[in-house]
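Below, each chain spelled out in residue letters.
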Amino acid sequence: MKESDLFAPVKQFLLEKIGCEKVYAEVLKYDVVGTIGNHNIIVEMKKMLNFKVIEQAVYAKRHGHYVFVAVPNKKGGFSRLVHDFLKHNGIGLIIVKEHGYVEIPYGMFAKLNRKTDDIRKFIKDGYHDTITGGHKMGDFDYQSDYTLMIDDVKRYFQRYPDKWITIDEVLNHCQC
């Protein structure tokens, strides 16, 4: 199972079971960001539970009110030490089983983290909600704010090929 294969079940879980209003992929360095009310939920996904994903989750507490690690199910489960470490740091565990079934083991829900920076200012609607999470930045066409703005301006000009358009019209129409 690839990391990107975890995205669809995790997104569905966040929307249907947790109650997120929106779920975004690849915001800043985070695989998945869900929003529910004023709270941000960050999920770091990996093919296996290791120190790298735990380190990413600890770092994600900077922006997430709730932080989870999502990994595929492992025969025999996960060590008690891992459970204790995640619980001690307030990080939840999401296990993705066969056929996209997702569960949070008993006692492994993330704890509320009150001290966070605002990640929502980095979310681009129309972009982060259309891509799949779990990819490296080079695996898909990343679009900066500048690229998105230029594409918007080009689309506006293409709509009116025979018309002179003023700068004020462009500024009023495009999200510049």
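Preceding block: the structure.
Peer 1: Any details on the overall build of the chain? Residues and values, ideally.
Peer 2: Looking only at helices and strands, the chain has 5 helices and 6 strands in total. Seen along its three principal axes, the alpha-carbon backbone of the chain occupies a region of about 70 × 35 × 25 Å. Counting over 176 residues, the chain shows a buried share of 41%. Sequence-distant contacts, at least 24 apart, represent 55% of the contacts inside the chain between residues at least 6 apart. Measuring between centres, the 26 positive side-chain charges of the chain sit 8 Å from its 23 negative side-chain charges.

Peer 1: Got a sec to walk through the packing of aromatic side chains? Specific residues and values, please.
Peer 2: For the structure shown, the criterion picks out 4 aromatic pairs. For the pair Y156 and Y160, a centre-to-centre distance of 5.3 Å together with 70° between the ring planes defines the contact as edge-to-face. Overall, the relative accessible area of 8% leaves Y156 in the buried class. Connected via pairs of aromatic rings, a cluster forms that spans Y66, F68 and F109.

Peer 1: Before we move on, could you go through the nonpolar core and cite the residues and values that matter?
Peer 2: Grouped together as the largest cluster of nonpolar side chains are 21 residues, with contacts concentrated most on V33, I42, L49, V69, L86 and L93. Counting residues per element, the ones that place at least two in this core are β1 (22–27), β2 (30–36), α2 (51–60), β4 (66–72) and β5 (91–96). It is α2 that provides the largest number of residues to this core, a total of 4 residues. Beyond its immediate stretch of four places on either side in the chain, L93 contacts L49, F68, V69, V71, F78, H83, L86, E103, I104, P105 and M108. With 20 residues, the next largest nonpolar core counts V10, V43, M45 and V96 among its residues.

Peer 1: Describe the environment of I123, with residues and values.
Peer 2: For I123, the location among the structural elements is in the loop between β6 (102–103) and α4 (145–159). Residue classification places I123 among the buried residues on the basis of a relative accessible area of 15%. For the pair I123 and L28, spaced 95 residues apart in the sequence, the C-alpha separation amounts to 8.4 Å.

Calculation criteria
Residues numbered from 1 in each chain as written. Predicted model: local features only at pLDDT ≥ 70, side-chain atom pairs only at ≥ 80, totals over all residues. Heavy atoms only, no water. Helix = DSSP H or I, 4+ residues; strand = E, 2+ residues; numbered from the N terminus. Buried < 20%, exposed > 50% of the residue type's maximum accessible area, 1.4 Å probe, protein only. Contact = heavy atoms within 4.5 Å. Lys, Arg positive; Asp, Glu negative; His and termini not counted. Charge placed at Lys NZ, Arg CZ, Asp CG, Glu CD. Phe/Tyr/Trp six-rings, centres within 6.5 Å; stacked < 30°, edge-to-face > 60°. Core = buried A, V, L, I, M, F, W, Y, C linked by side-chain atoms within 4.5 Å.

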